[in-house]
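Structure assessment
Here is what each chain is made of, one letter per residue.
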Amino acid sequence: GTSDHHVSLKYLVEALPKACALQDLTLARCSADWKDMERLSKSCARLRVLRLPHSFVESGDSALSPPPLLALGKLKHLRALDFRAWDGKKHKQRPWLSDDMLGVISQLKDLRELRATDQKLLSDRCFWFLRRHAPRLRVLHINGCKAMSGDIAFGLLHMCDHLESV
């Protein structure tokens with residue numbers, strides 16, 4: 001639907017069996033926190049594609065909370081991530097993905113697609129985490145982010161032999 005309200009990922013992950021065979025998950029306009037991501041990674045160990053477009057991931061309720069996307073590093077089959085932001089003005093419509101949060105992708109083994117359009121907190125530091133995946137990257141959508149250094153961006157793009165969409 002076109003509701004401005006986010007559904008919590010918590011409700012989905014609570015309903016999942018402990019050993020779920022789910023490989024592709026798309027849930028638009030949802031909200032999540034580190035606990036939801038942890039439960040998802042435990043239940044869906046074979047997840048290959050995670051799409052949370054126009055969603056919002058909370059950074060944590062305290063300084064002691066783990067990084068919210070840290071659990072995704074456990075998903076050894078994860079190939080595609082979609083964290084497109086919703087360009088709105090309300091609390092859960094604003095960009096949320098930072099370079100530090102994106103650092104979890106350095107733990108992934110075989111990332112091929114990353115969509116992080118309009119995540120205005122991303123800077124050219126994100127390219128450092130993407131270097132490991134450059135030979136396999138097929139899709140890289142990071143338009144609408146902070147202004148980035150052309151030299152750093154093109155340095156990564158030259159390493160991407162299989163890139164089909166930028």
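Residues numbered from 1 in each chain as written. Predicted model: local features only at pLDDT ≥ 70, side-chain atom pairs only at ≥ 80, totals over all residues. Heavy atoms only, no water.

Looking at the overall build of the chain
Put simply, the test is: Runs of E in the DSSP output that reach at least two residues are strands. Runs of H or I that reach at least four are helices, and both are numbered from the N terminus. Here the globule rule reads 2.2 Å times residues to the power 0.38, and the radius of gyration is calculated from C-alpha atoms. A simple rule labels every residue: compare its accessible area, found with a 1.4 Å probe on the protein chains alone, to the largest value its type can have, and call it buried under 20%, exposed over 50%, or partly exposed in between. When checking whether two residues touch, look at their non-hydrogen atoms; a contact exists if any pair is within 4.5 Å. All accessible-area figures derive from a Shrake-Rupley calculation using a 1.4 Å probe, and residue coverage is judged against the displayed protein chains alone. In this tally, Asp and Glu contribute negative charge and Lys and Arg positive charge; neither His nor the terminal groups of the chain are included. By convention, the point assigned to a charge is CZ for Arg, NZ for Lys, CD for Glu and CG for Asp.
If you tally the helices and strands in the chain, you get five helices and eight strands. Listing every helix and strand of the chain by position from the N terminus yields β-α-β-β-α-β-β-β-α-β-α-β-α. Over its C-alpha trace the chain gives a radius of gyration of 15 Å, about what one expects of a compact globule, namely 15 Å for 166 residues. Across its three principal directions, the C-alpha atoms of the chain cover 45 × 35 × 35 Å. Of all 166 residues assigned to the chain, the portion counted as buried reaches 45%. Counted over contacts in the chain with a minimum sequence separation of 6, partners at least 24 positions apart contribute 77%. In the form shown here, the chain has an accessible surface area of approximately 8,800 Å², with 53% of it arising from carbon and sulfur atoms. For the chain, the centre of its 27 positive side-chain charges and the centre of its 19 negative side-chain charges are spaced 5 Å apart.

Quick look at the packing of aromatic side chains
Threshold: Stacked, tilted and edge-to-face pairs are distinguished by plane angle, under 30 degrees for stacked and over 60 for edge-to-face with tilted covering the rest, among Phe, Tyr and Trp rings (Trp via its six-membered ring) whose centres lie within 6.5 Å.
Scanning the model with the defined rule gives one aromatic pair in all. Centre to centre, the rings of Phe83 and Trp96 are 5.3 Å apart; their planes meet at 70 degrees, and the pair counts as edge-to-face. With a gap of 13 residues between them, Phe83 in the loop between β6 (80–82) and α3 (99–102) and Trp96 in the loop between β6 and α3 connect regions that are remote in the sequence. Residue class for Trp96 comes out buried when judged on its relative accessible area of 6%.

Looking at the nonpolar core
Keep this limit in mind: Working definition of a nonpolar core: buried Ala, Val, Leu, Ile, Met, Phe, Trp, Tyr and Cys residues. They are joined through side-chain atoms within 4.5 Å.
Formed by 45 residues in total, the largest nonpolar core has its most connected members in Met37, Leu50, Leu69, Leu72, Leu81, Leu97 and Ile105. Broken down by secondary-structure element, the contributors of at least two residues to this core are α1 (9–15), β3 (30–32), α2 (34–43), β5 (56–57), α3, α4 (126–130) and α5 (150–157). Leaving out residues up to four positions away in the same chain, Leu50 has contacts with Leu25, Leu40, Leu72, Leu78, Ala80, Leu81 and Asp82.

Focus on the side chain of Ser43
On the secondary structure map, Ser43 appears in helix α2. Apart from residues lying up to four places away in sequence, Ser43 is in contact with Leu16, Pro17, Lys18, Ala19 and Cys20.

Details of the environment of Thr117
Here Thr117 lies in the loop between β7 (113–115) and α4. Judged by relative accessible area, Thr117 falls into the buried class, the value being 14%. The spacing of Thr117 and Phe127 is ten residues in sequence and 14 Å in space, taken between C-alpha atoms. Apart from the residues lying within four places of it in its own chain, the contact partners of Thr117 are Arg84, Ala85, His141 and Asn143.

What about the pattern of salt bridges?
Once their charged atoms are close, side chains differing in charge can pair, the charge on each being opposite to the other. Condition: Salt-bridge detection follows one rule: a side-chain nitrogen of Lys or Arg within 4 Å of a carboxyl oxygen of Asp or Glu.
By the definition in use, this model includes twelve salt bridges. In this structure, the salt-bridge partner of Arg51 is Asp24, at a minimum N-O distance of 2.9 Å. Taken together, the residues span a long stretch of sequence, with Arg51 in strand β4 (residues 49–51) and Asp24 in strand β2 (residues 24–26) at a distance of 27 residues. Relative accessible area serves as the criterion here: at 27%, Arg51 is assigned to the partly exposed category.

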